[in-house]
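Descriptive analysis of the structure
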Amino acid sequence: MLTSEDLAFFSILAGSNSLAESARKLNVTPPAVTQRLRALEEKVGVRLIDRSGPRLRLTEEGSLVASHSVIVSNAIESLSEALADRRGSVRGHLRIAAPHGFGRTYVAPVVDAFARDHSGATATLQLSDHPAALLVDSYDVVIHIGAPGHLDQIVTTLAPNPRILCASPKYLDSATPISVPTDLARHRCLAVRENDEDVTLWRFKGPRQETATVRIDPVMSSNDGAVIREWAIAGQGLMIRSEWNVAADISEGRLRQVLPNWTLPPADIVAMLGSRHGRSARTAAFLAMLRQSLKPPPWLVASTP
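Keep in mind that this is a model prediction, so the values were computed, not measured.

Take the pattern of salt bridges next. Counted under the stated rule, the structure contains 12 salt bridges. A salt bridge links Glu210 to Arg208, with the shortest nitrogen-to-oxygen separation between them at 3.7 Å. Ionic contacts of the salt-bridge type, sharing partners, join the residues Arg229, Glu230, Asp249, Glu252 and Arg254 into one network.

Written out as C-alpha cells, the structure is:
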C-alpha cells in the first residue's frame with residue numbers, strides 16, 4: 001500500500017528533470033533516489049518513470065500517481081492548516097507573487113519581517129512582470145497593481161495608487177504648453193507595455209467630470225517601467241506611471257506632474273487570493289503585516305518635505 005511519504009517522494013521526482021536534481025531537492029545521493037524509486041515501483045508493480053533518455057519522463061502509470069500525489073499533498077496541507085488555525089499558530093509555506101519593482105521595494109521587507117516573527121513558517125517571493133497572469137491557486141497571495149483579475153478570486157485593496165502624467169522639467173521647459181489632454185497629440189510620449197493593456201489609449205477625467213481620450217503614438221516604449229521612468233527623467237518625453245513609482249521624483253524635482261486637474265484611471269495595490277489559501281492563518285498574518293506597512297503609503301511619507 002502506498003503511503004503519504006511515497007507520494008511526497010514521487011511528486012518531487014515528477015517535478016524534476018533528472019535523478020540528480022531530485023537528489024538535490026531531497027538532500028540525498030542519486031543512488032539513494034534510484035534505490036527508493038525501484039522499491040516504489042516494486043511496491044506498485046509497474047514502471048513509473050522512463051529513464052531511457054537524458055530527462056526523466058513519466059509513464060502513463062507515473063502520471064496517474066503524480067496527479068494523485070498532488071491531491072493527497074493538498075489534502076494533507078489543508079488539514080495541517082486547519083489544525084494550525086484552530087491553535088492560532090502560523091505555520092506552513094507562504095507563497096507570494098508580486099511585480100518586480102513594487103515587490104522588491106515594498107513586499108520583500110514585509111516577507112523578511114514575516115519570517116522573523118513566525119519561525120514556524122517558511123516563505124517564497126516570486127517576482128514577475130505579470131503576477132496577475134499566474135495561477136492564484138498556486139500562491140497564497142498575488143500582489144497586483146491595477147484592475148483586479150477574475151471574479152472568482154478573493155480581492156482585497158491594500159493601498160490607493162493614482163496614475164500620474166508627468167515629464168522632466170527639461171522636457172516641459174522646452175516643449176509647447178499642455179493645457180488639455182488633446183495637446184498630448186503634439187508631444188513625445190513614452191509607453192509601458194505591460195499587463196496586456198491598450199497602453200496607447202490614455203483616458204482622462206476633467207475637473208467638471210468631462211472625459212477625454214487621447215490615442216498616442218509613442219516615440220519610445222518598453223515592457224520595463226523602470227526603463228521608461230529613466231527615459232522620462234532624461235527628458236525623452238511624457239509618461240503615465242503609478243504614484244508609488246514617481247512620488248519621490250516629483251517631490252525632489254526630477255519629474256513634474258502634467259495636467260494635475262485631470263485624473264487617470266487608478267491602479268490600486270490589491271491582493272488576490274485563491275479560495276483555499278485565502279482562509280489560512282499564514283495568509284491572514286502576512287496580509288495584516290503588509291497592509292500595516294502601506295498605511296500611510298510609504299511613497300507619500302518619503303516624498304513629504
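Here the narrative resumes.
Further remarks concern the nonpolar core. In terms of nonpolar packing, the biggest core is built from 28 residues, with Phe102, Ile143, Ile269, Phe286 and Trp299 touching the most fellow members. For this core, the secondary-structure elements that each account for two or more residues are strand 3 (92-99), helix 5 (100-117), strand 5 (141-145), strand 6 (154-159), helix 8 (243-251), strand 14 (269-273) and helix 9 (281-293). It is helix 5 that provides the largest number of residues to this core, a total of 6 residues. One finds Trp202, Ile240, Trp262 and Leu264 within the second-largest nonpolar core, a separate group that totals 18 residues.

For the rest of this paragraph, the subject is helix 7 (residues 225-233). Of the residues making up helix 7, those classed as buried are Gly225, Ile228, Arg229 and Ala232. Taken around the axis of helix 7, the buried residues stretch over an arc of 100 degrees, which confines them to a single face. With a side-chain oxygen positioned 2.8 Å from the backbone nitrogen of Ala226, the residue opening helix 7 is Asp224. Just beyond helix 7, the residue with positive phi is Gly235, at close to 95 degrees.

Another aspect to go through is the sheet that holds strand 7 (residues 163-167). Strand order in the open sheet formed by 3 strands is 12-7-13, and the pairing between neighbours is antiparallel. The sheet is open, and its two borders are formed by strand 12 (239-242) and strand 13 (256-257), each paired with just one other strand. On top of the sheet, helix 8 reaches strand 7, strand 12 and strand 13; it is set at about 105 degrees to strand 12, its chief contact.

Right, let's talk about the packing of helix 2 (residues 19-26) against helix 3 (residues 30-44) for a bit. In contact at an axis separation of 8 Å, helix 2 and helix 3 are set at 100 degrees when each is read in the N-to-C sense. The angle between helix 2 and helix 3 falls in the class roughly perpendicular. Where helix 2 abuts helix 3, its residues Leu19, Ala20, Ser22, Ala23 and Leu26 lie against Pro30, Val33, Thr34 and Leu37. Taken together, the residues that form the contact of helix 2 with helix 3 break down as 7 nonpolar, 2 polar and no charged.

The rules behind these values
- Residues numbered from 1 in each chain as written.
- Predicted model: local features only at pLDDT ≥ 70, side-chain atom pairs only at ≥ 80, totals over all residues.
- Heavy atoms only, no water.
- Salt bridge = Lys/Arg side-chain N within 4 Å of Asp/Glu carboxyl O.
- Core = buried A, V, L, I, M, F, W, Y, C linked by side-chain atoms within 4.5 Å.
- Buried < 20%, exposed > 50% of the residue type's maximum accessible area, 1.4 Å probe, protein only.
- Helix = DSSP H or I, 4+ residues; strand = E, 2+ residues; numbered from the N terminus.
- Arc of directions from axis to C-beta.
- Polar contact = N/O pair within 3.5 Å; in protein donor to acceptor, adjacent residues only side chain to side chain.
- Pairing = 2+ DSSP bridges.
- Contact = heavy atoms within 4.5 Å.
- Axes fitted to C-alpha atoms, helices over the stretch in contact; angles between N-to-C directions.
- Parallel < 35°, antiparallel > 145°, perpendicular 65-115°, else oblique.
- Nonpolar A, V, L, I, M, F, W, Y, C, P; charged D, E, K, R; others polar.

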